[in-house]
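Structure at a glance
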Amino acid sequence: MAQRKALGRGLSALLGTPTPETVDSERLREIDIDRIVPNTQQPRKHFNEDALNELADSIRAHGLIQPVVVRALPENFYELIAGERRWRAAQRAGLMRLPALVREPDGDSSLEIEVAQVPQRLP
């Protein structure tokens, strides 16, 4: 039986979202949390408060395990591409800096990453 190359290995294999194996350390940075702004085109508009509080508790206990993905803006600010839940929970957890993967995606790949982060609802 032929082995699948990308299917079954998660969205990161299909979309190129960051994984520990693919993160370029030159683009991985610690960024002041107040220098990160939400993306106005974020597909997810509602965030479950209880889930955010649980994630904040986890971040307090274990730190932020996966970096957020951002794009550089003028004046040393960054816009979220992926990880708004983590960013919001990290604020609640009192973190001052976040690990962030800085990317310069085009409009289409940015939207693909954002949409991939929205949980799919089953009927």
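Above this text is the structure in question.
Quantities reported herein were computed from a predicted structural model and do not represent experimental measurements.

The rules behind each value
- Residues numbered from 1 in each chain as written.
- Predicted model: local features only at pLDDT ≥ 70, side-chain atom pairs only at ≥ 80, totals over all residues.
- Heavy atoms only, no water.
- Axes fitted to C-alpha atoms, helices over the stretch in contact; angles between N-to-C directions.
- Helix = DSSP H or I, 4+ residues; strand = E, 2+ residues; numbered from the N terminus.
- Parallel < 35°, antiparallel > 145°, perpendicular 65-115°, else oblique.
- Left-handed = near helix turned anticlockwise from the far one by under 90°.
- Contact = heavy atoms within 4.5 Å.
- Buried < 20%, exposed > 50% of the residue type's maximum accessible area, 1.4 Å probe, protein only.
- Polar contact = N/O pair within 3.5 Å; in protein donor to acceptor, adjacent residues only side chain to side chain.
- Salt bridge = Lys/Arg side-chain N within 4 Å of Asp/Glu carboxyl O.

1. Overview of the packing of helix H2 (residues 49-62) against helix H3 (residues 84-93)
Each pair of packed helices gets described by two things: the angle between the helix axes and the distance between those axes. Running from N to C, H2 and H3 cross one another at 65 degrees; their axes reach a closest spacing of 8 Å. Classified by the interaxial angle, the pair formed by H2 and H3 is roughly perpendicular. The two elements H2 and H3 cross, and the hand of that crossing is right-handed. Across the interface between the two elements, Glu-49, Ala-51, Leu-52, Asn-53, Leu-55, Ala-56, Ile-59 and Arg-60 from H2 touch Arg-85, Arg-86, Arg-88, Ala-89, Ala-90, Arg-92 and Ala-93 from H3.

2. As for the side chain of Arg-71
Examined against the element boundaries, Arg-71 turns out to sit in strand E3 (residues 68-73). Assessed through its relative accessible area of 18%, Arg-71 is described here as buried. At 2.7 Å, the side chain of Arg-71 forms a polar contact with the side chain of Glu-79.

3. Some details on the pattern of salt bridges
Inspection of every chain in the model, using the stated rule, returns five salt bridges. Of the charged contacts in the structure, one is a salt bridge between Glu-49 and Arg-92, with a shortest N-O distance of 2.5 Å. Remark: Arg-92 occurs in helix H3 and Glu-49 occurs in helix H2; sequence separation between them is 43 residues. The partly exposed category is assigned to Glu-49, whose relative accessible area is 45%. Its salt-bridge partner being Glu-84, residue Arg-88 comes within 2.8 Å of it at the nearest N-O pair. Of the two residues, Arg-88 and Glu-84 both sit in helix H3, four residues apart, roughly one turn of that helix. Accessibility expressed as a relative area gives 29% for Arg-88, which makes it partly exposed. Judged by its relative accessible area of 6%, Glu-84 is buried.

Nothing here speaks to function; it is all geometry.
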